[in-house]
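Chains, contacts and geometry: an overview
Residue strings, one per chain:
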Amino acid sequence: VALGKIAEQEQNSADALKYYSKAIELDSTQAKAYYGLGNVNFMAKVYAKSTSDYSNAVKYAPDLTGAWVGLGRSLVGENKNAEAVTALKKAVSLSANSWQGHYHLSATLNKMGNYSEALTAATNCLKYKKNYAAAYYEMGFALMSLKRNEEATDAFEKAKSDRSWRDISDYYIKKMQGKVQ
């Protein structure tokens, strides 16, 4: 598993897959190897495989928060948002300070139109990862959808601290101002 993790960190997917698979061959209950496989397959956008890998990880280590987050993200990749919410809620129930779990829960809930819960999840994310632009974006989207435009504008402005969120945040600010359709 350690060699797989090193290969994964070095972005050497082929070796990571080989080492994690070998670990599972030696011990089919090796949760961290399944988790590593899930990460590699998720990054390759092979969501059905990563979902299976993460499912095995949580089967053998039900308290492995990262695997629950990975499972949720992978399920979103498969457009299984309701199942993703269940996995992400499990992650944050295991580790309340999992900012990743709260963030991905917020994004998924926004996709599903559950804006009040998305707002709560984004707020929780920001408790554990201060000034996280992506969480401010999700917060802004939820607030805008709840017609709380002044608060939404403030959240979108904070999201713009990261250039990757500037254009989309500007778009929604202008949309709330009636400057774009």
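Residues numbered from 1 in each chain as written. Predicted model: local features only at pLDDT ≥ 70, side-chain atom pairs only at ≥ 80, totals over all residues. Heavy atoms only, no water.

Time to look at the pattern of salt bridges. In total, this model carries nine salt bridges according to the counting rule given. The residue Asp53 makes a salt bridge to Lys49 at a minimum N-O spacing of 2.7 Å. Here Asp53 pairs with Lys49, and both are found in helix 4 (residues 47-60), just four residues apart, close to one helical turn. Residue Lys49 is classed as partly exposed on the basis of its relative accessible area, which comes to 38%. Taking the shortest distance from any N to any O, the salt bridge between Lys80 and Glu78 comes out at 3.6 Å. Glu78 gets classed as partly exposed once you look at its relative accessible area, which sits at 24%. A network of salt bridges, in which partner residues are shared, links Glu157, Lys160 and Asp170. (Salt bridge = Lys/Arg side-chain N within 4 Å of Asp/Glu carboxyl O. Helix = DSSP H or I, 4+ residues; strand = E, 2+ residues; numbered from the N terminus. Buried < 20%, exposed > 50% of the residue type's maximum accessible area, 1.4 Å probe, protein only.)

Residue position: Thr51 is located in helix 4. Within the structure, the side chain of Thr51 is placed 2.6 Å from the side chain of Glu78, a separation counted as a polar contact. (Polar contact = N/O pair within 3.5 Å; in protein donor to acceptor, adjacent residues only side chain to side chain.)

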